[in-house]
Amino acid sequence: MATVSSDYAVQMHGITKRFGAFYALKDMNLDVKKGSIHSLLGENGAGKSTLMNVLYGLYQADEGEIYIGGKKTDIKNPNAAIANGIGMVHQHFMLIPELSVVENLVLGRRSRREPFLDLEEASEEIRKLSEMYGLDVDPKAKVCDLPVGSQQRVEIIKALYRGANVLILDEPTAVLAPQEAEHLGTVIRTLSEQGKTVIFITHKLMEARDLAHNITILRNGKTIVTVPAREKSNEELAQLM
Ligand code: ADP
Ligand code: MG
C-alpha cells in the first residue's frame, strides 16, 4: 500500500466487499500511477471485476477508502465515477444496438440545444477522439451492424467523451480476435502516452506482461502483490497467481 499522493490516479486502500457471508474482496489495496497502464491479473473469481465495480460505483465497499488524484472520494454510483473522471468498459457492452454510434454517445446527456440533440457536435467530437487515439469508427453507423471490435472502440470513445481520465477495461481481449487484440494494445499504449491512466483486467499472464507498466496480482479476493511488469519472470508471476 502506497502513501496517499497526487502521483496516483487511483488508490483503493483496505477495500472489503461481502456478498452475504461471502467475502469477494478482503482488505484489498491498489495503487495506480497517473498515466500508467496497470494490469489486474488473476484467475476467474479472484475479485478483479468486483474491485473495479466498486471503483466505478456499481458496488459500495463495506470497508476501505478510495482516493482519486490523492483526494478521498466517495463514489456512490457510476455518475459519481464519471464526474470524477473514471470510465469503465464492461465485459458485456452496454450500448443500445438499434441506435447509431453518435446517438449512443449523446444518450442521457443534456443537450445545449434542447430539445434537439447535439448530433453534429458529438460526431465532430467522435472524429477528434478517433483520430487522437486511433479509434476508428463511423459516428453514423448503427451499433448492431458493427463487429465486436468496433463496438468496443465505441465504448472506449463513449468513456472518453464523458471525460474519462482513468479508463477501466474489463477483460477487453476476451471478445477479440488476435489481430484486434493487437490493435487494442496500440490504442491502450497511445492512451497512456497521452496521459490517460488505463486499468486493464486480464487472466492472461503474457498479455499483462506485454502491455502493462505495473501488475497487481489478485487471488481469492486478496491483493497478493504489485510488481513492475518487467521485473519478474513468467514463472514467478504464474506462481503468484
Ligand atoms: P473475477 O472478475 O476476478 O473473475 P469477480 O470479481 O467477478 O471475479 O468475482 C469474485 C467473487 O465474488 C466470485 O467468487 C464471484 O462468484 C463473487 N461475486 C461476484 N459478484 C457477486 C454478486 N453480485 N453476488 C454474489 N457473489 C458475487
Ligand atoms: Mg471478471
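For clarity, every value in this text was computed on a predicted model and none was experimentally measured.

Peer 1: Please give an account of the packing of helix 5 (residues 148-161) against helix 6 (residues 178-193) that cites residues and values.
Peer 2: Two elements in contact, helix 5 and helix 6, have axes separated by 11 Å at closest approach and are oriented at 15°. In terms of their interaxial angle, helix 5 and helix 6 are classed as roughly parallel. By crossing handedness, the relation of helix 5 to helix 6 is classed as right-handed. Facing helix 5, whose interface residues are Gly149, Gln152, Arg153, Ile156 and Leu160, helix 6 presents Glu180, His183, Leu184 and Leu191. Split by residue class, the contact of helix 5 with helix 6 holds four nonpolar, three polar and two charged.

Peer 1: Before we move on, could you go through the environment of Ile199 and cite the residues and values that matter?
Peer 2: Its location among the elements puts Ile199 in strand 8 (residues 197-202). On the basis of relative accessibility, which here comes to 0%, the residue Ile199 falls in the buried class. If near-sequence neighbours (up to four positions away) are discounted, Ile199 is found in contact with Val32, His38, Leu40, Met52, Leu55, Val166, Leu167, Ile168 and Leu169.

Peer 1: Go over the nonpolar core, please, and point to the residues and values.
Peer 2: Within the largest apolar cluster, 43 residues are counted, with the highest numbers of intra-cluster contacts made by Val101, Ile156, Ile188 and Ile215. When residues in this core are grouped by element, the largest group, six residues, is from helix 5. Val10, Val32, Ala80 and Ile86 belong to the second largest nonpolar core, which has 28 residues in total.

The rules behind the values
Residues numbered from 1 in each chain as written. Chains lettered and ligands numbered in written order. Predicted model: local features only at pLDDT ≥ 70, side-chain atom pairs only at ≥ 80, totals over all residues. Heavy atoms only, no water. Axes fitted to C-alpha atoms, helices over the stretch in contact; angles between N-to-C directions. Helix = DSSP H or I, 4+ residues; strand = E, 2+ residues; numbered from the N terminus. Parallel < 35°, antiparallel > 145°, perpendicular 65-115°, else oblique. Left-handed = near helix turned anticlockwise from the far one by under 90°. Contact = heavy atoms within 4.5 Å. Nonpolar A, V, L, I, M, F, W, Y, C, P; charged D, E, K, R; others polar. Buried < 20%, exposed > 50% of the residue type's maximum accessible area, 1.4 Å probe, protein only. Core = buried A, V, L, I, M, F, W, Y, C linked by side-chain atoms within 4.5 Å.

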